[in-house]
Amino acid sequence: RAPRHAGRLIERSRPHRTRRIDRPTDERTRTLSHTHPIRAAFDLIHRDHRLFLNRRPMTANGHAANSADAPSKMPHKPWRDDEEDANSLRAIVRANFPRSVDDAFPFLRVARTMTREDLKNDLVAGLTVAVMVIPQGMAYAALASLRPEIGLYSCILPILTYALVGSSRQLAVGPVAMVALLTTAGLSPIQDPLEDPDRYQRLASTLAFLVGIMQAGMGLLRLEFIARFLPHPVLSGFTSAAAVVIGSSQIKDVFKIKIGRSERFQEIMEDFVHNVENTHGLTFAVAATSIVFLLAARHAKRRFKSIKMLPEALVLVVFYILVSKFADFDQKGVRVIGKVPAGFPSPQGILGDELGQLVGPALTISIVGFLESFAVAKTIAEKEQYPISARRELIGLGAANLVGCFFKCMPVTGGFSRSAVNYQAGAKTVFAGAITAAALMLTVLFLTPLFTDLPKPILSAIIIVAVSTLVDLKEFTHLWRVDKRDFALLLCAFTCTLFWGLLQGILVSAALAVVLLVQRSSDPHSAVLVQVRDDPPVFRNRERFPEGKAVKHVLIYRQDAPLFYANADSFQESILRLSDTEKVVVVHGGAMPLVDSTGAVTLVRIRRRLLERGKAMILCEFNGPVRDALYNAHVAYDADTCAEKGGPKCAEDERKEDAGDAPAPMFVSLTDAIVQAKELVAAMETTTPREVTVGLDSSALRTSARLSEDGAMTAVSADDL
């Protein structure tokens, strides 16, 4: 607001800022130094360090030396383009070091833009999620074979930690069904939870420590692409099978029968068939009515918007706690949770001796948990139109697990259902998660004695209804219609996970995905280009534009994939087969983002074979990094530069040694390559072919030789002569 005097605006004079001549003014420092003193201090240190590195040498009298007196500059490195290599250790450390307080703690930027309405919405959303998390947290802890209070602990510090460093504003972090099942699958072979619950709990916290290290490490080292090596069919098949396994694992509490601990569906069903006659009637009635109520409430919430925010799980928990207390369910054979310790957990260490055995489960949880969390966070961020970073999400989830592991927490990640409820309840910032954590803190301090009479079948019913939405049968029919190979990948992930095991299923399906990727890359799509327009010249696929006109005696070949060891042989075979009736081959590299060492050798081999047949090869349209690599490997030379100096004869020195190993001309544009190809064709047509008489003896009836137009020898069949 500008001050006024006598009805006129008073212009405030801007503070004087001295601008240094020997360096550009840093816009960020100028605009933020007055409002952020800590950031200004960091920027000042960085500026002085930069000036120290770029300072000019001093003479004996203390003045700056002139350019003539200064020593020679460091040799120019063209591959750096005066920029630091993004993959160097120094660049990685600098990129991950926060440049400001806002970069280190994104919630500060959100806090400055918060309004009173946003705070009100966050309060409502945080309390709504807390009401939902209380029964879910206890249920997922039971799914992981842990005590119910562990699920409540895992919803406090991890949420607060993620709110400090995470990039999503509505993501609700905590235990989820998939991670809980992977936890019990990874820990059960090491320690039976019934024999030593305390050691089993410490193993779960140790697993959370490893998950945090892996996720934070992938984020800091910019390795988020590793987590995306699981394609959608693998993840969908794994999730559907895991949901079936999770639901079937709750049969023992629904029917109160004895079922061995297993993650294989056929073993669970075998025990169920043998022991179903021992079903406890009251336990089954409580579980069945709970499942029906939860499904009916879900259907009603979709139909009637007035009850959309109804916490049906909490209503069910409160109702059956009262019924269990007054009807003495414990005395009638229905299992209840029992005493839940009150108070916040004291810090504890991890089991360092067991880290080696937990690497496999930790890696699986790290990747699966991140993919599940980032999917829902990205969906909400796109709807709210704010940026989200996969690297920041990995760091946030890793920090949440690292902090929680020292306070009896199990591995956590962002959940679909909780995040959706948080978003639908109106959450605008990360403070909604802080409110959820505060409500759960009050719960573990004062309200845990109320859960003593909660029947265990209620938790099983909550888990079964929650995972029922994870089975995606529509994806099976969709992939069957769209892509049979993806359907096979989906079916492999589903069957291996269902009948073999969770870890085995995801590892086998991920390996199969890599095999299919290599198989697809070994036989990629390719095209022979023809001219479909003259001015300006436009070239397209011959199969899609059959009316196009081919350049006379010129083959224009394009491969729509990188040229590397997996497809180098098929690339060579295709060019040699298609160039039988042509005189010049133009290799179009516009859709070839990479050429490895095998691909470079293949290009040399193709050119040698073409020269033996009296043909020429020209390269064009490759991107900058590939051109640099081919220049350095002496596979090609810059034909555009040579043309300015007098034509392609500037590579004559290389051709004198061995014509087959000489570099091929490379043009930036296809148009220039076609002009050069037409000139070569015209030169070949004016050459007078020479005839050679070849005698065949009885020992070599099927082989002979002939001289091509340029005098090169080519082995041919006797039938061709």
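Source: prediction; values computed, not measured. (Residues numbered from 1 in each chain as written. Predicted model: local features only at pLDDT ≥ 70, side-chain atom pairs only at ≥ 80, totals over all residues. Heavy atoms only, no water.)

Engineer: Honestly, the overall build of the protein chain in this entry has me stumped. Any pointers?
Structural biologist: Assigned secondary structure in the protein chain consists of 29 helices and 13 strands. Within the protein chain, the fraction of its 721 residues that count as buried is 45%. Intrachain contacts of the protein chain at a sequence separation of at least 6 include 76% that bridge at least 24 residues. Accessible area of the protein chain: about 38,700 Å², with a carbon and sulfur share of 58%. (Helix = DSSP H or I, 4+ residues; strand = E, 2+ residues; numbered from the N terminus. Buried < 20%, exposed > 50% of the residue type's maximum accessible area, 1.4 Å probe, protein only. Contact = heavy atoms within 4.5 Å. Areas by Shrake-Rupley, 256 points an atom, 1.4 Å probe, with all protein chains shown as cover.)

Engineer: Honestly, the pairing of strand E5 (residues 526–533) in this entry has me stumped. Any pointers?
Structural biologist: Moving residue by residue along a regular strand, the side chains alternate between the two faces of the sheet. Two elements, E5 and strand E7 (residues 554–559), share 3 bridges in a ladder whose sense is antiparallel. Note on E7: the bridge partner recorded for Ser526 is Gln559. Of the pairings in the sheet, the one linking E5 to strand E6 (residues 538–541) comprises 4 bridges and is antiparallel in character. When the bridges of E6 are listed, Gln531 appears paired with Phe539. Where E5 folds back onto E6 in an antiparallel hairpin, the turn is made up of 4 residues. (Pairing = 2+ DSSP bridges.)

Engineer: Honestly, helix H21 (residues 473–482) in this entry has me stumped. Any pointers?
Structural biologist: Because each turn of an α-helix spans 3.6 residues, side chains separated by three or four positions end up pointing in the same direction. Along H21, the residues classified as buried are Glu475, Phe476 and Leu479. Around the axis of H21, the buried residues are gathered within 105 degrees of arc, so they sit on the same side. Structural note: H21 exposes Leu473, Lys474 and Arg481 on the side pointing more than 90 degrees away from its buried face. Against the buried residues of H21 lie helix H11 (232–249) and helix H22 (484–499). In this structure Asp472 caps H21, since a side-chain oxygen of it lies 3.4 Å from the backbone nitrogen of Lys474. (Arc of directions from axis to C-beta. Polar contact = N/O pair within 3.5 Å; in protein donor to acceptor, adjacent residues only side chain to side chain.)

Engineer: It is not clear to me how the nonpolar core should be interpreted in this structure. Could you clarify?
Structural biologist: General note: in soluble globular proteins, nonpolar side chains tend to be found buried as a group. Met138, Leu146, Leu182, Leu230, Phe370, Leu454 and Ile458 are the most contacted members of the largest nonpolar core, which has 105 residues in total. Here the element with the most residues in this core is helix H16 (residues 359–384); it accounts for 11 residues. Every residue in contact with Leu146, bar those within four places of it in the chain, is listed here: Ala141, Tyr200, Gln201, Ala204 and Met410. By size, the runner-up hydrophobic cluster in this structure holds 24 residues, among which are Phe571, Val585, Ala600 and Leu630. (Core = buried A, V, L, I, M, F, W, Y, C linked by side-chain atoms within 4.5 Å.)

Engineer: Would you mind going over the sheet that holds E6 with me for this structure?
Structural biologist: Within a sheet, each strand pairs with its neighbour through backbone hydrogen bonds, oriented either parallel or antiparallel. Spatial ordering of the open sheet is given by E6-E5-E7-E8-E9-E11-E10, a layout of 7 strands whose pairing is mixed. One side of each edge strand has no neighbouring strand; the edge strands of this open sheet are E6 and strand E10 (636–638). Here the average twist between neighbouring strands, direction ignored, is 35 degrees. Docked against the sheet, helix H24 (residues 568–578) engages E5, E7 and strand E8 (584–588), running at close to 160 degrees with respect to E7. (Axes fitted to C-alpha atoms, helices over the stretch in contact; angles between N-to-C directions.)

Engineer: Which parts of the structure should I look at to understand the packing of H11 against helix H23 (residues 502–522)?
Structural biologist: Packed helix pairs are specified by the crossing angle of their axes together with the interaxial distance, meaning the distance between the axes. Their axes nearest at 10 Å, the elements H11 and H23 cross at an angle of 165 degrees. Classified by the angle their axes make, H11 and H23 are roughly antiparallel. H11 and H23 meet at a crossing whose hand is right-handed. In this structure, H11 uses Val234, Phe238 and Ala242 to contact H23, whose residues at the interface are Leu502, Ile506, Ser509, Ala510 and Ala513. Here the contact of H11 with H23 is built from residues that sort into 7 nonpolar, 1 polar and no charged. (Parallel < 35°, antiparallel > 145°, perpendicular 65-115°, else oblique. Left-handed = near helix turned anticlockwise from the far one by under 90°. Nonpolar A, V, L, I, M, F, W, Y, C, P; charged D, E, K, R; others polar.)

Engineer: Explain the packing of H21 against H22 to me, please; I cannot follow it from the model alone.
Structural biologist: One way to put it is that H21 packs onto H22 with a least axis distance of 6 Å and a crossing angle of 145 degrees. Each of Glu475, Phe476, Leu479, Trp480 and Val482 in H21 lies in contact with H22, whose residues at this interface are Lys484, Asp486, Phe487, Leu490, Leu491 and Phe494.

Engineer: Quick question: what am I supposed to make of the environment of Pro546 here?
Structural biologist: Mapped onto the elements of the fold, Pro546 is located in the loop between E6 and E7. Separated by 16 residues in the primary sequence, Pro546 and Val530 place their C-alpha atoms 8.5 Å from one another.

Engineer: Please explain the pairing of strand E11 (residues 664–667) as it appears in this structure.
Structural biologist: Residue alternation in E11 divides its side chains into two sets, Ala664 and Met666 and Pro665 and Phe667, and both sets are buried. Sheet analysis places strand E9 (residues 616–620) next to E11, joined by 2 bridges and oriented parallel. Paired with Leu619 across the strands is Met666, a residue of E11. Pairing geometry for E10 and E11, over 3 bridges, is parallel. Counted as the bridge partner of Asp638 is Met666 from E11.

Engineer: Explain helix H8 (residues 157–165) to me, please; I cannot follow it from the model alone.
Structural biologist: The buried fraction of H8 amounts to 7 of the 9 residues, a majority that puts the element mostly inside the structure. Among all positions in H8, only Leu157, Pro158, Ile159, Thr161, Tyr162, Ala163 and Val165 are buried.

Engineer: Mind showing me how you'd approach empty space enclosed by the protein here?
Structural biologist: Where empty space is left in the structure can be found by rolling a water-sized probe over the atoms. One pass over the full model with this rule turns up 3 cavities of 30 Å³ or more. In this structure, the largest cavity spans a volume of roughly 70 Å³. Every residue lining the largest cavity is listed: Ile159, Tyr162, Ala163, Ser168, Arg169, Leu171, Val173, Asn422, Thr429, Val430, Ala432 and Gly433. Of all the secondary-structure elements, those providing two or more residues to the lining of the largest cavity are H8 and helix H19 (431–447). Classifying every residue of the lining of the largest cavity by side-chain character gives 7 nonpolar, 4 polar and 1 charged. Of the voids in this model, the second largest cavity is the one considered here, and its volume is about 40 Å³. No other element matches the 3 residues that H19 contributes to the lining of the second largest cavity. Partitioned by chemical class, the residues of the lining of the second largest cavity number 6 nonpolar, 3 polar and no charged. (1 Å grid on protein atoms, 1.4 Å probe; cavity = no way out; pocket = protein on both sides within 12 Å on 5 of 7 lines; lining within 4 Å. Points joined across faces, edges and corners; volume = space filled by probe spheres on them.)

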